[in-house]
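# Reading the structure
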Amino acid sequence: MTDDEKFLWKDNSMEDCARFTKENAKDIIALGFDVNKTFIFSNLEYVGTMYPNILRIQKAVTANQVMGIFGFGGSDNIGKYSFPAIQAAPSFSNSFPHIFGNRVDIPCLIPCAIDQDPYFRMTRDVAPRLGYLKPALVHSKFFPALQGFQTKMSASSQDSAIFLTDSRKIISGKINKAFSGGKDTAEEHRKYGANLEVDVPFRYLTFFLEDDEKLASIAEKYSKGQMLSGEVKKILTDILVDRVQNHQEARAAVTDEIVEAFMTPRKLVF
């Protein structure tokens, strides 16, 4: 959990960043991770164990390289310059001696959003020079903002996204106002169909509707005007409400003691 990144890039206190970590951990645990197979760590708390690898990475990467990769300048705080090495260190198995001992032959798979790619391109470049395996990446796609593909989803804009704390009423209201690729009138829509390339509710269905045949059927009917925007939004609303409510119930069962168990360095069971 990169609570140090939040502190360096945002106007948050150290205490707030630590609190955000615990709250975010509850959301992760609520997804069903096994405490016997999962170690969640805070950079603020665990950085000491990773420090030897952090130093190795820092020594292998120049300031000019960091400025070129991340665009840092003279007005950026020096913590930003050091953070890429901290972000890279968990890619190597010997950063977790309580799990892997001193082994360096265990590969790492990193699922991440595309905005994190520069960190791990740097990591892949430096790994062979340290005698380590290059990590592999799986890039996830961003959800578009509800207002359309040309806008940006933001935690500070409540209407730009569906939040895991939203109620059924709020989710329904947000989806109903989401940017649609349907036409202005039912008559035009029946004639011309929807533009799926710009339709946000349909794009969300490509993430959340697990039945590929049903998704293909919706795409065909909606693009031909055989389904209206309201019908597509209703399908998405029902799926999201179910997902969010299930998550809220699971998260409510995650106590501080459970979080502590996940975040305590220990042997894992494989």
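Shown above is the structure to which this text applies.
The residue numbers shown here count from 1 along each chain, following its written sequence. In view of the model being predicted, local features appear only for residues whose pLDDT reaches at least 70, and side-chain atom pairs are presented and counted only at 80 or more, with totals across whole chains, interfaces and linings using the full set of residues. Side-chain metrics rest on all non-hydrogen atoms present in the structure, leaving aside hydrogens and water.

### Some words on the overall build of the protein chain
Looking only at helices and strands, the protein chain has 13 helices and two strands in total. Dimensions of the protein chain, computed from C-alpha atoms along their principal axes, come out at roughly 65 × 45 × 35 Å. Think of it in three bands: with a 1.4 Å probe and only protein chains considered, a residue is buried below 20% of the maximum accessible area for its type, exposed above 50%, and partly exposed in between. Residue burial in the protein chain is summarised as follows: out of 270 residues, 38% are buried. Sequence separation of at least 24 residues holds for 67% of the intrachain contacts in the protein chain that already meet a minimum separation of 6. Each accessible area value is a Shrake-Rupley result obtained with a 1.4 Å probe; residue values ignore everything except the protein chains displayed when judging cover. Counting every atom, the protein chain has about 15400 Å² of accessible surface; 55% of that belongs to carbon and sulfur. One finds the centroid of the 33 positive side-chain charges in the protein chain at a distance of 3 Å from the centroid of its 34 negative side-chain charges. The helix count covers DSSP runs of H or I at least four residues long, the strand count covers runs of E at least two residues long, and both are numbered beginning at the N terminus. By the convention used here, residues are in contact when the closest approach between their heavy atoms is within 4.5 Å. Positive charges come from Lys and Arg alone, negative charges from Asp and Glu alone, with His and the N- and C-terminal ends not counted. Note on charges: their place is set at NZ of Lys, CZ of Arg, CG of Asp or CD of Glu.

### Quick look at the packing of helix H10 (residues 200–208) against helix H12 (residues 229–252)
Lines fitted to C-alpha atoms define the axes, with helix axes restricted to the stretch in contact, and inter-axis angles between N-to-C directions lie between 0 and 180 degrees. Running from N to C, H10 and H12 point in directions that differ by 45°, and their axes come no closer than 10 Å. Judged by the inter-axis angle, H10 sits oblique to H12. For the pair H10 and H12, the sense of crossing is left-handed. For the pair H10 and H12, contact is made by Pro-201, Phe-202, Tyr-204, Leu-205 and Phe-208 and by Val-232, Lys-233, Ile-235, Leu-236, Ile-239, Leu-240 and Arg-243, respectively. In these notes the angle categories are as follows: under 35 degrees is roughly parallel, over 145 is roughly antiparallel, 65 to 115 is roughly perpendicular, and the rest is oblique. For any helix crossing, the convention is left-handed if the near helix is rotated counterclockwise from the far helix by under a right angle, and right-handed if that rotation is clockwise.

### So, the environment of Arg-243
Following the sequence through the fold, Arg-243 ends up in helix H12. Linking Arg-243 and Phe-208, residues 35 residues apart in sequence, is a C-alpha distance of 9.0 Å. Residues contacting Arg-243, with those up to four places away along its chain left out, are Phe-208 and Glu-210. Engagement of the side chain of Arg-243 in a polar contact is seen with the side chain of Glu-210, the distance being 3.0 Å. Polar contacts, as counted here, are pairs of nitrogen or oxygen atoms within 3.5 Å of one another; within protein the pair requires one atom able to donate a hydrogen and one able to accept it, and residues that are adjacent in sequence qualify only if both atoms are side-chain atoms.

### Considerations on the pairing of strand E2 (residues 136–140)
At least two DSSP bridges between two strands are required for those strands to pair. Bridging between strand E1 (residues 109–113) and E2 involves five bridges; their strand directions are parallel. Within E2, the residue paired with Pro-111 across the bridge is Val-138. Crossover handedness is defined by viewing with both strands directed away from the observer: a clockwise path from the first strand over the helix to the second marks the crossover as right-handed. Handedness of the β-α-β unit built from E1, helix H7 (residues 117–130) and E2 comes out right-handed.

### Quick notes on the packing of helix H3 (residues 43–60) against H7
Two numbers describe a pair of packed helices, the interaxial angle and the distance between the axes. Contact pair H3 / H7: the axes reach a minimum separation of 10 Å and the direction vectors enclose 100°. Judged by the angle between their axes, H3 and H7 are roughly perpendicular. Contacts between H3 and H7 involve Arg-56, Ile-57 and Ala-60 on the former and, on the latter, Met-122, Val-126, Arg-129 and Leu-130. Note on residue categories: nonpolar means Ala, Val, Leu, Ile, Met, Phe, Trp, Tyr, Cys or Pro, charged means Asp, Glu, Lys or Arg, and polar means any other residue, Gly included. Residues that form the contact of H3 with H7 fall into these classes: five nonpolar, no polar and two charged.

### Some words on empty space enclosed by the protein
Grid points spaced at 1 Å over the protein atoms alone were grouped into cavities, where a 1.4 Å probe fits but cannot get out, and pockets, open sets with protein on both sides within 12 Å along at least five of seven lines, with lining residues defined by an atom within 4 Å of a point. Grid points are joined across faces, edges and corners, and a volume is the space filled by probe spheres set on the points. This model, assessed by the stated rule, comprises one cavity of 30 Å³ or more. Taken as a whole, the largest cavity encloses approximately 40 Å³ of empty space. What lines the largest cavity is simply Ser-91, Phe-92, Ser-93, Val-104, Ile-106, Pro-107, Cys-108, Tyr-132 and Leu-133. Class assignment of the residues belonging to the lining of the largest cavity gives a composition of seven nonpolar, two polar and no charged.

### Describing the side chain of Thr-123
Inspection of the secondary structure assignment puts Thr-123 in helix H7. Given a relative accessible area of 0%, Thr-123 falls into the buried group. Excluding its chain neighbours within four sequence positions, the residues that come into contact with Thr-123 are Ala-88, Ser-91, Phe-92 and Pro-135.

Scope: geometric values only; no functional claims are made or implied.
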